[in-house]
Amino acid sequence: MSNIPNLKGKNFDELLELAGDKNRFQFKFLLILGLGCVGTATIMMMQPIFTQPPIFLCTDPHTGEKYDCKENNGGCVDQILSPNSPQSLAVEFGMYCDEGYKRSLAGSANFFGGMIGTLLLGQIADKIGRKPIILMGYAITAIGVYLLAFVADSANWFLACDFL
């Protein structure tokens, strides 16, 4: 006979009591995984800020009046940024018109880095344990986020740090 309790018909509170709802392990586990979730959510929510395309000033060929336009309807002809253009890293790093593909790369670099990290670190975690790997993953991510603050004018360095 096994020592596994019968969990059928138990509500959440009873299951939590069986697991031990107030021990040190649960608090540490919540803290470690919770910080990771907050960091990931912050990066995911900032993607539109990173990659928002600019608004350009276009000239109407018939009247000569200036109006706001986007890349796909004439903005890339003269490439004059509108004063109404939002401030974003895509604008600051020139990720528009011919370099517009870099916005897509910036949007997916973080997720691709997470996928590679999960595949590699998951295999290592099976050998040396989960706790050191979780802490190492947080350290790598923290280094990447820290370096993002110092990326001054290079879209390539931004993509590399976002990948971490």
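Here is what the cut-offs are and how they apply
Residues take numbers from 1 onward in each chain, read along the sequence in its written order. pLDDT decides what is reported in this predicted model: residues at 70 or higher carry local features, side-chain atom pairs at 80 or more are listed and counted, and totals for whole chains, interfaces and linings draw on all residues regardless. Hydrogen atoms and water are omitted, and side-chain values are computed over all heavy atoms in the structure. Helix numbers and strand numbers start at the N terminus; a helix is a DSSP run of H or I with at least 4 residues, a strand a run of E with at least 2. Here a patch means residues that are over 30% exposed by relative accessible area and free of salt bridges, tied together within 9 Å if like-charged and within 5 Å if nonpolar (Val, Leu, Ile, Met, Phe, Trp, Tyr). We get accessible surface area from the Shrake-Rupley algorithm with a probe of 1.4 Å; when it comes to residues, only the shown protein chains can shield them. Definition used for salt bridges: Asp or Glu carboxyl oxygen within 4 Å of a side-chain nitrogen of Lys or Arg. In this scheme Phe, Tyr and Trp rings, the latter by its six-membered ring, pair at centre separations within 6.5 Å, and the angle between planes marks the pair as stacked below 30 degrees, edge-to-face above 60, and tilted otherwise. Think of it in three bands: residues with accessible area under 20% of the maximum for their type are buried, residues over 50% are exposed, and the middle band is partly exposed, with areas taken using a 1.4 Å probe on protein chains only. Only strands that DSSP links by at least two bridges are regarded as paired with each other. Put simply, a nonpolar core is a bunch of buried Ala, Val, Leu, Ile, Met, Phe, Trp, Tyr and Cys residues held in one set by side-chain atoms that sit within 4.5 Å of each other. Contacts are assigned to residue pairs that have any heavy atoms within 4.5 Å of one another.

A. Quick look at unusual backbone geometry. You will see that Cys97, though not glycine, has its phi angle at about 55°, which is positive. Mapped onto the elements, Cys97 comes out in the loop between helix 4 (89-92) and helix 5 (101-128).

B. Spatial organisation of a nonpolar patch on the surface. A grouping of Phe112, Met115, Leu119, Met136, Ile140, Ile143, Tyr146, Leu147, Phe150, Phe163 and Leu164 is seen on the molecular surface, where their side chains present a nonpolar patch of about 1,100 Å² in accessible area. When residues of the nonpolar patch are traced back to their parent elements, those giving at least two are helix 5 and helix 6 (130-148). Residue contributions to the nonpolar patch peak at five residues, all from helix 6. Here Phe163 lies in helix 7 (residues 155-163).

C. Broad picture of the packing of aromatic side chains. All told, the structure shown has one aromatic pair when counted by the stated rule. Measuring from centroid to centroid gives 5.4 Å for Phe56 and Tyr96, while their planes differ by 70°, and the two rings are edge-to-face. On the criterion of sequence distance, the pair formed by Phe56 in strand 1 (residues 56-59) and Tyr96 in the loop between helix 4 and helix 5 is long-range, its members being 40 residues apart. Given a relative accessible area of 0%, Phe56 falls into the buried group. The class for Tyr96 is buried, based on a relative accessible area of 16%.

D. Inspection of the pairing of strand 2 (residues 66-69) at higher detail. Judged from the four bridges that link them, strand 1 and strand 2 form a sheet pairing that is antiparallel. Bridging from a neighbouring strand, Leu57 pairs with Asp68 of strand 2. Between strand 1 and strand 2, which pair antiparallel and follow one another directly, the connecting turn spans six residues, one of which, Gly64, has a positive phi of 80°.

E. Looking closely at the nonpolar core. Core analysis: the largest hydrophobic core is formed by eleven residues, namely Phe50, Ala90, Phe93, Met95, Ala106, Ala109, Val151, Ala155, Phe158, Leu159 and Cys161. If you list the elements that add at least two residues to this core, you get helix 5 and helix 7. Top element by residues in this core is helix 7. It accounts for four residues. Every residue in contact with Cys161, bar those within four places of it in the chain, is listed here: Gly144, Leu147, Leu148 and Val151. Among the nonpolar cores identified, the runner-up in size contains five residues, and Phe56, Cys58, Cys69 and Cys97 belong to it.

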